[in-house]
Protein chains: 2
Amino acid sequence: MYEGVVQDLIDELGRLPGVGPKSAQRIAFHLLQADPADVHRLAAILNEVKAKVKFCSVCFNVSEEETCRICRDPRREQSVLCVVEEYKDVVAIERTREFRGRYHVLGGAISPIDGIGPDQLRIRELVQRLNDPGITEVILATDPNLEGEATATYLTRQLSPLGLKVTRLASGLPVGGDLEYADEVTLGRAFAGRRSAE
Amino acid sequence: MYEGVVQDLIDELGRLPGVGPKSAQRIAFHLLQADPADVHRLAAILNEVKAKVKFCSVCFNVSEEETCRICRDPRREQSVLCVVEEYKDVVAIERTREFRGRYHVLGGAISPIDGIGPDQLRIRELVQRLNDPGITEVILATDPNLEGEATATYLTRQLSPLGLKVTRLASGLPVGGDLEYADEVTLGRAFAGRRSAE
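Residues numbered from 1 in each chain as written. Chains lettered and ligands numbered in written order. Predicted model: local features only at pLDDT ≥ 70, side-chain atom pairs only at ≥ 80, totals over all residues. Heavy atoms only, no water.

- Naming follows an unreviewed UniProt entry, where chain A appears as Recombination protein RecR of Nocardioides albertanoniae.
- You can read under Function (unreviewed entry) in the UniProt record for chain A the words "May play a role in DNA repair. It seems to be involved in an RecBC-independent recombinational process of DNA repair. It may act with RecF and RecO." (UniProt positions renumbered as here; feature names shortened; annotations may be inferred.)

Following this line, the structure appears as C-alpha coordinates:
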(Lines give C-alpha, C1' and ligand atoms only; values in the text may rest on other atoms or scores of the structure.)
Protein backbone atom coordinates (compact mmCIF):
# COMPACT_ATOMS: atom_id res chain seq x y z
CA MET A 1 0.00 0.00 0.00
CA TYR A 2 2.74 2.41 1.00
CA GLU A 3 6.27 2.76 -0.32
CA GLY A 4 9.51 1.19 0.86
CA VAL A 5 10.50 1.58 4.49
CA VAL A 6 7.17 3.17 5.46
CA GLN A 7 5.42 -0.07 4.54
CA ASP A 8 8.16 -2.08 6.30
CA LEU A 9 7.56 -0.06 9.45
CA ILE A 10 3.77 -0.56 9.25
CA ASP A 11 4.32 -4.32 8.78
CA GLU A 12 6.64 -4.58 11.78
CA LEU A 13 4.33 -2.53 14.02
CA GLY A 14 1.38 -4.66 12.92
CA ARG A 15 3.11 -7.73 14.35
CA LEU A 16 2.89 -6.33 17.89
CA PRO A 17 0.07 -7.72 20.05
CA GLY A 18 -3.08 -5.61 19.99
CA VAL A 19 -1.84 -3.46 17.11
CA GLY A 20 -4.09 -3.91 14.08
CA PRO A 21 -3.39 -2.60 10.58
CA LYS A 22 -5.11 0.74 11.30
CA SER A 23 -3.19 1.34 14.54
CA ALA A 24 0.06 0.32 12.86
CA GLN A 25 -0.56 2.94 10.17
CA ARG A 26 -1.43 5.56 12.76
CA ILE A 27 1.70 4.86 14.81
CA ALA A 28 3.87 4.82 11.67
CA PHE A 29 2.58 8.24 10.53
CA HIS A 30 3.13 9.60 14.00
CA LEU A 31 6.72 8.34 13.92
CA LEU A 32 7.30 9.81 10.45
CA GLN A 33 6.53 13.24 11.82
CA ALA A 34 8.04 12.76 15.27
CA ASP A 35 11.30 14.27 16.44
CA PRO A 36 14.09 11.95 15.18
CA ALA A 37 15.60 11.95 18.69
CA ASP A 38 12.40 10.39 20.10
CA VAL A 39 12.35 7.66 17.48
CA HIS A 40 16.04 6.87 17.92
CA ARG A 41 15.49 6.66 21.68
CA LEU A 42 12.69 4.12 21.20
CA ALA A 43 14.96 2.10 18.87
CA ALA A 44 17.82 2.25 21.38
CA ILE A 45 15.59 1.04 24.23
CA LEU A 46 14.33 -1.87 22.13
CA ASN A 47 17.91 -2.98 21.56
CA GLU A 48 18.83 -2.32 25.18
CA VAL A 49 15.95 -4.42 26.52
CA LYS A 50 17.06 -7.42 24.50
CA ALA A 51 20.67 -6.89 25.55
CA LYS A 52 20.03 -6.34 29.25
CA VAL A 53 16.90 -8.19 30.27
CA LYS A 54 17.46 -11.80 31.20
CA PHE A 55 15.41 -14.28 33.17
CA CYS A 56 16.39 -15.06 36.76
CA SER A 57 18.21 -18.40 36.83
CA VAL A 58 16.39 -19.38 40.03
CA CYS A 59 12.75 -18.29 39.60
CA PHE A 60 12.62 -17.19 35.90
CA ASN A 61 11.38 -13.75 36.83
CA VAL A 62 12.55 -10.92 34.55
CA SER A 63 15.90 -9.60 35.76
CA GLU A 64 18.80 -7.47 34.60
CA GLU A 65 21.20 -9.69 36.55
CA GLU A 66 21.83 -13.43 36.87
CA THR A 67 19.27 -13.67 39.69
CA CYS A 68 16.36 -11.28 40.23
CA ARG A 69 15.95 -8.64 42.93
CA ILE A 70 13.52 -10.82 44.88
CA CYS A 71 15.68 -13.95 44.88
CA ARG A 72 18.69 -11.86 45.96
CA ASP A 73 16.80 -10.21 48.84
CA PRO A 74 17.79 -11.99 52.10
CA ARG A 75 14.74 -10.58 53.90
CA ARG A 76 12.31 -12.58 51.75
CA GLU A 77 10.97 -15.73 53.42
CA GLN A 78 12.72 -18.81 52.10
CA SER A 79 9.97 -21.19 53.20
CA VAL A 80 7.11 -20.09 50.91
CA LEU A 81 7.12 -20.27 47.13
CA CYS A 82 4.41 -18.60 45.04
CA VAL A 83 3.94 -20.18 41.60
CA VAL A 84 2.67 -17.76 38.92
CA GLU A 85 2.20 -17.91 35.17
CA GLU A 86 3.99 -14.74 34.06
CA TYR A 87 6.29 -11.93 35.14
CA LYS A 88 3.35 -9.51 35.25
CA ASP A 89 1.71 -11.68 37.90
CA VAL A 90 4.80 -11.20 40.09
CA VAL A 91 4.41 -7.45 39.73
CA ALA A 92 0.68 -7.61 40.53
CA ILE A 93 1.32 -9.66 43.70
CA GLU A 94 4.24 -7.43 44.76
CA ARG A 95 1.88 -4.45 44.57
CA THR A 96 -0.37 -5.99 47.23
CA ARG A 97 2.56 -6.15 49.72
CA GLU A 98 0.81 -9.23 51.17
CA PHE A 99 3.41 -11.76 50.16
CA ARG A 100 6.95 -11.87 51.54
CA GLY A 101 8.14 -15.18 50.10
CA ARG A 102 9.69 -15.94 46.74
CA TYR A 103 8.29 -16.78 43.30
CA HIS A 104 8.48 -19.34 40.57
CA VAL A 105 7.44 -18.13 37.11
CA LEU A 106 6.09 -20.97 34.96
CA GLY A 107 6.15 -19.02 31.71
CA GLY A 108 2.48 -19.64 30.91
CA ALA A 109 -0.29 -22.12 31.64
CA ILE A 110 -1.24 -25.52 30.28
CA SER A 111 -3.30 -24.96 27.14
CA PRO A 112 -3.57 -27.91 24.73
CA ILE A 113 -5.28 -25.68 22.16
CA ASP A 114 -2.14 -23.51 21.98
CA GLY A 115 0.13 -26.55 22.08
CA ILE A 116 1.36 -25.75 25.59
CA GLY A 117 1.73 -28.83 27.76
CA PRO A 118 3.58 -29.30 31.08
CA ASP A 119 6.88 -29.75 29.20
CA GLN A 120 6.68 -26.23 27.76
CA LEU A 121 6.43 -24.75 31.27
CA ARG A 122 9.11 -24.55 33.94
CA ILE A 123 7.59 -27.35 36.01
CA ARG A 124 10.68 -29.57 36.02
CA GLU A 125 12.64 -26.63 37.43
CA LEU A 126 9.93 -26.09 40.07
CA VAL A 127 10.09 -29.71 41.24
CA GLN A 128 13.89 -29.39 41.39
CA ARG A 129 13.65 -26.27 43.56
CA LEU A 130 11.32 -28.10 45.93
CA ASN A 131 14.15 -30.51 46.80
CA ASP A 132 15.26 -27.68 49.11
CA PRO A 133 13.97 -28.85 52.53
CA GLY A 134 13.65 -25.19 53.62
CA ILE A 135 10.54 -24.78 51.46
CA THR A 136 7.39 -25.82 53.34
CA GLU A 137 4.55 -24.22 51.38
CA VAL A 138 3.78 -23.75 47.69
CA ILE A 139 1.03 -21.28 46.77
CA LEU A 140 -0.43 -21.97 43.33
CA ALA A 141 -1.34 -18.48 42.08
CA THR A 142 -2.23 -19.29 38.48
CA ASP A 143 -5.00 -17.32 36.77
CA PRO A 144 -8.59 -18.19 37.82
CA ASN A 145 -9.47 -19.29 34.26
CA LEU A 146 -9.61 -22.61 32.42
CA GLU A 147 -5.88 -22.81 31.64
CA GLY A 148 -4.82 -21.56 35.08
CA GLU A 149 -7.10 -24.04 36.85
CA ALA A 150 -5.85 -26.90 34.69
CA THR A 151 -2.28 -25.95 35.50
CA ALA A 152 -3.00 -25.76 39.23
CA THR A 153 -4.73 -29.15 39.17
CA TYR A 154 -1.80 -30.68 37.33
CA LEU A 155 0.69 -29.15 39.75
CA THR A 156 -1.30 -30.27 42.80
CA ARG A 157 -1.09 -33.83 41.55
CA GLN A 158 2.64 -33.54 40.81
CA LEU A 159 3.50 -31.90 44.13
CA SER A 160 1.33 -33.91 46.55
CA PRO A 161 3.87 -36.78 46.90
CA LEU A 162 6.47 -34.25 48.11
CA GLY A 163 4.74 -33.78 51.46
CA LEU A 164 4.51 -29.99 51.20
CA LYS A 165 1.63 -27.71 52.04
CA VAL A 166 0.12 -26.81 48.62
CA THR A 167 -2.43 -23.97 48.62
CA ARG A 168 -4.52 -22.00 46.09
CA LEU A 169 -5.53 -18.34 46.23
CA ALA A 170 -9.07 -17.77 47.53
CA SER A 171 -11.86 -17.39 44.98
CA GLY A 172 -14.77 -15.12 45.78
CA LEU A 173 -16.37 -11.76 45.23
CA PRO A 174 -13.98 -9.05 44.05
CA VAL A 175 -13.71 -6.25 46.60
CA GLY A 176 -15.63 -3.15 45.49
CA GLY A 177 -17.83 -5.15 43.12
CA ASP A 178 -21.59 -5.63 43.18
CA LEU A 179 -22.92 -9.02 44.26
CA GLU A 180 -25.66 -8.93 41.62
CA TYR A 181 -23.11 -8.55 38.81
CA ALA A 182 -20.88 -11.43 39.94
CA ASP A 183 -21.02 -14.43 37.58
CA GLU A 184 -22.52 -17.62 38.98
CA VAL A 185 -19.19 -19.46 39.26
CA THR A 186 -17.63 -16.66 41.30
CA LEU A 187 -20.71 -16.36 43.50
CA GLY A 188 -20.77 -20.13 43.96
CA ARG A 189 -17.12 -20.07 45.02
CA ALA A 190 -17.84 -17.23 47.42
CA PHE A 191 -20.48 -19.42 49.10
CA ALA A 192 -18.26 -22.48 49.19
CA GLY A 193 -15.42 -20.49 50.68
CA ARG A 194 -17.50 -18.56 53.23
CA ARG A 195 -15.85 -17.91 56.58
CA SER A 196 -17.24 -17.09 60.03
CA ALA A 197 -18.09 -13.40 60.47
CA GLU A 198 -15.92 -11.68 63.05
CA MET B 1 6.07 -0.17 38.75
CA TYR B 2 8.59 -2.29 36.86
CA GLU B 3 12.35 -2.31 37.03
CA GLY B 4 14.93 -0.48 34.93
CA VAL B 5 14.77 -0.78 31.16
CA VAL B 6 11.48 -2.68 31.23
CA GLN B 7 9.81 0.41 32.69
CA ASP B 8 11.69 2.63 30.21
CA LEU B 9 10.33 0.53 27.37
CA ILE B 10 6.76 0.69 28.72
CA ASP B 11 7.08 4.48 29.06
CA GLU B 12 8.33 4.91 25.50
CA LEU B 13 5.65 2.63 24.04
CA GLY B 14 3.01 4.52 26.03
CA ARG B 15 3.93 7.70 24.16
CA LEU B 16 2.76 6.25 20.85
CA PRO B 17 -0.69 7.34 19.66
CA GLY B 18 -3.48 4.96 20.66
CA VAL B 19 -1.23 2.95 22.98
CA GLY B 20 -2.50 3.22 26.57
CA PRO B 21 -0.62 2.03 29.68
CA LYS B 22 -2.16 -1.46 29.49
CA SER B 23 -1.29 -1.91 25.80
CA ALA B 24 2.21 -0.58 26.41
CA GLN B 25 2.68 -3.21 29.11
CA ARG B 26 1.31 -5.93 26.89
CA ILE B 27 3.58 -4.98 23.99
CA ALA B 28 6.59 -4.71 26.31
CA PHE B 29 6.01 -8.21 27.74
CA HIS B 30 5.60 -9.54 24.25
CA LEU B 31 8.92 -7.98 23.23
CA LEU B 32 10.67 -9.36 26.34
CA GLN B 33 9.81 -12.86 25.22
CA ALA B 34 10.15 -12.28 21.49
CA ASP B 35 13.03 -13.51 19.35
CA PRO B 36 15.85 -10.93 19.74
CA ALA B 37 16.21 -10.83 15.93
CA ASP B 38 12.62 -9.60 15.59
CA VAL B 39 13.13 -6.84 18.14
CA HIS B 40 16.41 -5.74 16.60
CA ARG B 41 14.73 -5.63 13.19
CA LEU B 42 12.00 -3.33 14.54
CA ALA B 43 14.66 -1.08 16.10
CA ALA B 44 16.63 -1.02 12.85
CA ILE B 45 13.55 -0.05 10.83
CA LEU B 46 12.73 2.76 13.24
CA ASN B 47 16.20 4.20 12.71
CA GLU B 48 16.04 3.56 8.97
CA VAL B 49 12.71 5.37 8.61
CA LYS B 50 14.11 8.50 10.23
CA ALA B 51 17.27 8.28 8.11
CA LYS B 52 15.58 7.59 4.78
CA VAL B 53 12.15 9.15 4.77
CA LYS B 54 12.09 12.77 3.73
CA PHE B 55 9.31 14.99 2.50
CA CYS B 56 9.06 15.79 -1.23
CA SER B 57 10.47 19.27 -1.83
CA VAL B 58 7.65 20.02 -4.29
CA CYS B 59 4.45 18.62 -2.77
CA PHE B 60 5.59 17.58 0.77
CA ASN B 61 4.42 14.03 0.25
CA VAL B 62 6.47 11.37 2.05
CA SER B 63 9.40 10.32 -0.13
CA GLU B 64 12.69 8.48 0.07
CA GLU B 65 14.14 10.85 -2.54
CA GLU B 66 14.31 14.62 -3.03
CA THR B 67 10.99 14.56 -4.91
CA CYS B 68 8.30 11.92 -4.56
CA ARG B 69 7.31 9.21 -7.01
CA ILE B 70 4.20 11.13 -8.10
CA CYS B 71 5.97 14.45 -8.74
CA ARG B 72 8.69 12.61 -10.72
CA ASP B 73 6.15 10.75 -12.89
CA PRO B 74 5.91 12.55 -16.29
CA ARG B 75 2.58 10.84 -17.06
CA ARG B 76 0.79 12.67 -14.24
CA GLU B 77 -1.29 15.65 -15.38
CA GLN B 78 0.49 18.89 -14.64
CA SER B 79 -2.67 21.01 -14.81
CA VAL B 80 -4.57 19.69 -11.74
CA LEU B 81 -3.40 19.95 -8.14
CA CYS B 82 -5.17 18.09 -5.33
CA VAL B 83 -4.69 19.68 -1.90
CA VAL B 84 -4.82 17.20 1.02
CA GLU B 85 -4.11 17.36 4.72
CA GLU B 86 -1.79 14.39 5.19
CA TYR B 87 0.28 11.78 3.43
CA LYS B 88 -2.32 9.12 4.22
CA ASP B 89 -4.88 11.08 2.20
CA VAL B 90 -2.59 10.84 -0.84
CA VAL B 91 -2.51 7.08 -0.40
CA ALA B 92 -6.30 6.90 -0.01
CA ILE B 93 -6.86 8.93 -3.20
CA GLU B 94 -4.23 6.96 -5.14
CA ARG B 95 -6.13 3.80 -4.26
CA THR B 96 -9.23 5.08 -6.08
CA ARG B 97 -7.24 5.46 -9.35
CA GLU B 98 -9.63 8.34 -10.15
CA PHE B 99 -7.07 11.11 -9.97
CA ARG B 100 -4.18 11.50 -12.39
CA GLY B 101 -2.90 14.93 -11.36
CA ARG B 102 -0.45 15.87 -8.63
CA TYR B 103 -0.79 16.64 -4.92
CA HIS B 104 0.00 19.27 -2.34
CA VAL B 105 0.20 18.02 1.26
CA LEU B 106 -0.64 20.77 3.76
CA GLY B 107 0.60 18.88 6.81
CA GLY B 108 -2.67 19.19 8.71
CA ALA B 109 -5.76 21.40 8.92
CA ILE B 110 -6.54 24.73 10.54
CA SER B 111 -7.45 24.04 14.18
CA PRO B 112 -7.23 26.99 16.56
CA ILE B 113 -7.83 24.64 19.52
CA ASP B 114 -4.59 22.78 18.69
CA GLY B 115 -2.76 26.02 17.93
CA ILE B 116 -2.64 25.28 14.19
CA GLY B 117 -3.24 28.35 12.03
CA PRO B 118 -2.55 28.90 8.32
CA ASP B 119 1.11 29.69 9.08
CA GLN B 120 1.67 26.18 10.47
CA LEU B 121 0.48 24.63 7.20
CA ARG B 122 2.21 24.63 3.81
CA ILE B 123 -0.12 27.25 2.36
CA ARG B 124 2.59 29.73 1.40
CA GLU B 125 4.27 26.94 -0.57
CA LEU B 126 0.94 26.13 -2.25
CA VAL B 127 0.39 29.73 -3.37
CA GLN B 128 3.95 29.75 -4.73
CA ARG B 129 3.34 26.58 -6.73
CA LEU B 130 0.23 28.13 -8.24
CA ASN B 131 2.41 30.77 -9.93
CA ASP B 132 2.99 28.03 -12.50
CA PRO B 133 0.61 28.98 -15.33
CA GLY B 134 0.29 25.31 -16.31
CA ILE B 135 -1.93 24.67 -13.28
CA THR B 136 -5.57 25.39 -14.07
CA GLU B 137 -7.53 23.57 -11.34
CA VAL B 138 -7.06 23.11 -7.60
CA ILE B 139 -9.15 20.42 -5.89
CA LEU B 140 -9.52 21.03 -2.16
CA ALA B 141 -9.67 17.50 -0.73
CA THR B 142 -9.46 18.29 2.97
CA ASP B 143 -11.37 16.11 5.46
CA PRO B 144 -15.16 16.64 5.58
CA ASN B 145 -15.00 17.71 9.24
CA LEU B 146 -14.86 21.04 11.09
CA GLU B 147 -11.11 21.60 10.66
CA GLY B 148 -11.06 20.39 7.07
CA GLU B 149 -14.00 22.62 6.11
CA ALA B 150 -12.41 25.62 7.81
CA THR B 151 -9.18 24.98 5.91
CA ALA B 152 -11.02 24.65 2.59
CA THR B 153 -12.94 27.87 3.23
CA TYR B 154 -9.72 29.69 4.09
CA LEU B 155 -7.98 28.34 0.98
CA THR B 156 -10.93 29.22 -1.28
CA ARG B 157 -10.66 32.82 -0.13
CA GLN B 158 -6.88 32.86 -0.60
CA LEU B 159 -6.95 31.28 -4.03
CA SER B 160 -9.92 33.00 -5.63
CA PRO B 161 -7.89 36.11 -6.74
CA LEU B 162 -5.59 33.80 -8.74
CA GLY B 163 -8.25 33.12 -11.37
CA LEU B 164 -8.05 29.33 -11.10
CA LYS B 165 -10.82 26.77 -11.01
CA VAL B 166 -11.10 25.83 -7.31
CA THR B 167 -13.25 22.75 -6.53
CA ARG B 168 -14.26 20.64 -3.51
CA LEU B 169 -14.93 16.92 -3.37
CA ALA B 170 -18.64 16.00 -3.49
CA SER B 171 -20.44 15.39 -0.19
CA GLY B 172 -23.22 12.85 -0.05
CA LEU B 173 -24.22 9.35 0.92
CA PRO B 174 -21.36 6.89 1.24
CA VAL B 175 -21.66 4.08 -1.29
CA GLY B 176 -22.79 0.82 0.31
CA GLY B 177 -24.30 2.63 3.29
CA ASP B 178 -27.91 2.74 4.46
CA LEU B 179 -29.84 5.97 3.91
CA GLU B 180 -31.56 5.67 7.29
CA TYR B 181 -28.22 5.59 9.11
CA ALA B 182 -26.78 8.66 7.37
CA ASP B 183 -26.44 11.66 9.70
CA GLU B 184 -28.63 14.66 8.89
CA VAL B 185 -25.77 16.83 7.60
CA THR B 186 -24.65 14.15 5.13
CA LEU B 187 -28.24 13.50 4.03
CA GLY B 188 -28.81 17.26 3.65
CA ARG B 189 -25.71 17.54 1.49
CA ALA B 190 -26.86 14.58 -0.59
CA PHE B 191 -30.11 16.47 -1.33
CA ALA B 192 -28.38 19.75 -2.07
CA GLY B 193 -25.94 18.01 -4.43
CA ARG B 194 -28.54 15.82 -6.19
CA ARG B 195 -28.02 15.23 -9.91
CA SER B 196 -30.37 14.21 -12.71
CA ALA B 197 -30.96 10.47 -12.91
CA GLU B 198 -29.58 8.84 -16.05
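1. As for the overall build of chain A
Here's step 1: A tally of regular secondary structure across chain A gives eight helices and six strands.
Here's step 2: The C-alpha radius of gyration computed for chain A amounts to 22 Å, which surpasses the reference 16 Å derived for 198 residues by more than 25%, pointing to a less compact arrangement than a globule.
Here's step 3: With the principal axes as the frame, chain A shows a C-alpha extent of 65 × 45 × 35 Å.
Here's step 4: Surface summary for chain A: the accessible area is close to 11500 Å², and the carbon and sulfur share equals 52%.
Here's step 5: Between the averaged position of the 25 positive side-chain charges in chain A and that of its 30 negative side-chain charges there is a distance of 5 Å. (Helix = DSSP H or I, 4+ residues; strand = E, 2+ residues; numbered from the N terminus. Rg over C-alpha atoms; globule rule 2.2 N^0.38 Å. Areas by Shrake-Rupley, 256 points an atom, 1.4 Å probe, with all protein chains shown as cover. Lys, Arg positive; Asp, Glu negative; His and termini not counted. Charge placed at Lys NZ, Arg CZ, Asp CG, Glu CD.)

2. Digging into the nonpolar core
Here's step 1: Core analysis: the biggest nonpolar cluster contains 50 residues, and Leu13(A), Leu46(A), Leu13(B) and Leu46(B) have the highest contact counts within it.
Here's step 2: Among the secondary structure elements, those contributing two or more residues to this core are helix 1 (4-14), helix 2 (21-33), helix 3 (36-52) and helix 5 (87-96) of chain A together with helix 1 (4-14), helix 2 (21-33), helix 3 (36-52) and helix 5 (87-96) of chain B.
Here's step 3: With near-sequence residues (within four places) excluded, Leu13(B) lies in contact with Leu42(A), Val19(B), Ala24(B), Ile27(B), Ala28(B) and Leu31(B). (Core = buried A, V, L, I, M, F, W, Y, C linked by side-chain atoms within 4.5 Å. Buried < 20%, exposed > 50% of the residue type's maximum accessible area, 1.4 Å probe, protein only. Contact = heavy atoms within 4.5 Å.)

3. Re the domain arrangement of chain A
Here's step 1: If you check the domain split of chain A, you get domain 1 (1-35) and domain 2 (75-168).
Here's step 2: For domain 1 of chain A and domain 2 of chain A, the distance between their C-alpha centres works out to 38 Å. (Domains from an automatic or database assignment.)

4. A closer look at the pairing of strand 5 (residues 137-140) of chain B
In regular strands, side chains alternate between the two faces of the sheet.
Residue and element names in this part refer to chain B.
Here's step 1: The alternating pattern of strand 5 places Glu-137 and Ile-139 and Val-138 and Leu-140 on opposite faces, both of which are buried.
Here's step 2: One ladder, built from four bridges, connects strand 3 (residues 80-84) with strand 5; its direction is parallel. Across the sheet, the residue bridging to Val-83 is Leu-140, located in strand 5.
Here's step 3: Across four bridges, strand 5 lies against strand 6 (residues 165-168) in parallel orientation. (Pairing = 2+ DSSP bridges.)

5. Things to note about the interface of chain B and chain A
Here's step 1: Taken together, the 48 residues of chain B in the interface contact 48 residues of chain A.
Here's step 2: Both sides together, the interface formed by chain B and chain A hides about 4700 Å², and carbon and sulfur atoms give 69% of it.
Here's step 3: On inspection of chain B and its partner chain A, the count reaches two salt bridges.
Here's step 4: Glu12(A) is the salt-bridge partner of Arg41(B), the closest N and O atoms lying 2.8 Å from each other.
Here's step 5: Grouping the constituent residues of the side of chain B that touches chain A by class yields 26 nonpolar, six polar and 16 charged. (Buried area = accessible area lost by both parts, 1.4 Å probe. Salt bridge = Lys/Arg side-chain N within 4 Å of Asp/Glu carboxyl O. Nonpolar A, V, L, I, M, F, W, Y, C, P; charged D, E, K, R; others polar.)

6. A look at helix 3 of chain A
Here's step 1: With 17 residues, helix 3 of chain A extends 24 Å between its outermost C-alpha atoms, agreeing within 8% with the 24 Å of an ideal straight helix rising 1.5 Å per residue.
Here's step 2: Turning to helix 3 of chain A, its buried residues are Val39(A), Leu42(A), Ala43(A), Ile45(A), Leu46(A), Val49(A) and Lys50(A). Taken around the axis of helix 3 of chain A, the buried residues stretch over an arc of 155°, which confines them to a single face.
Here's step 3: At its buried positions, helix 3 of chain A is contacted by helix 2 of chain A together with helix 1, helix 2 and helix 3 of chain B.
Here's step 4: For helix 3 of chain A, the capping residue at the N-terminal end is Asp35(A), with a side-chain oxygen 3.0 Å from the backbone nitrogen of Ala37(A). (Expected span 1.5 Å × (residues − 1). Arc of directions from axis to C-beta. Polar contact = N/O pair within 3.5 Å; in protein donor to acceptor, adjacent residues only side chain to side chain.)

7. Describing the relation of the copies chain B and chain A
Here's step 1: Here chain B sits on chain A after a turn of 180° about the axis and a move of 0.1 Å along it, with an RMSD of 0.1 Å. Viewed as a symmetry operation, the transformation between the two copies matches a two-fold axis. Closest approach to the rotation axis within chain B is made by the C-alpha atom of Ala43(B), at a distance of 2.1 Å.
Here's step 2: Taken together, the interface assignments show that 100% of the residues at the interface of chain B recur at the interface of chain A, consistent with an identical surface on both copies. (Least-squares fit on C-alpha atoms with pLDDT ≥ 70 in both.)

8. Quick look at the sheet that holds strand 6 of chain B
All names here are of chain B.
Here's step 1: On the basis of which strands lie adjacent, the open sheet formed by four strands has the order 4-3-5-6 and parallel pairing. Edge positions in the open sheet fall to strand 4 (102-105) and strand 6, since each of these has one partner strand only. Strand-to-strand twist of the sheet, defined as the mean angle between neighbouring strand axes without regard to direction, takes the value 25°.
Here's step 2: Sheet contacts for helix 5: strand 3 and strand 4; angle to strand 4, the most-contacted strand, approximately 155°.
Here's step 3: Contacts between helix 7 (residues 146-159) and the sheet are confined to strand 3, strand 5 and strand 6, with strand 5 contributing the most and set at about 160° to the helix. (Axes fitted to C-alpha atoms, helices over the stretch in contact; angles between N-to-C directions.)

9. Thoughts on the sheet that holds strand 5 (residues 137-140) of chain A
Residue and element names in this part refer to chain A.
Here's step 1: The sheet built from four strands is open, its strands ordered 4-3-5-6 with parallel pairing. One side of each edge strand has no neighbouring strand; the edge strands of this open sheet are strand 4 (102-105) and strand 6 (165-168). Shown here is a sheet whose adjacent strand axes are inclined to one another by a mean of 25°, direction ignored.
Here's step 2: The sheet contacts of helix 5 involve strand 3 (80-84) and strand 4, and relative to strand 4 the element is tilted by about 155°.
Here's step 3: Packed onto the sheet, helix 7 (residues 146-159) meets strand 3, strand 5 and strand 6 and runs at close to 160° relative to strand 5.

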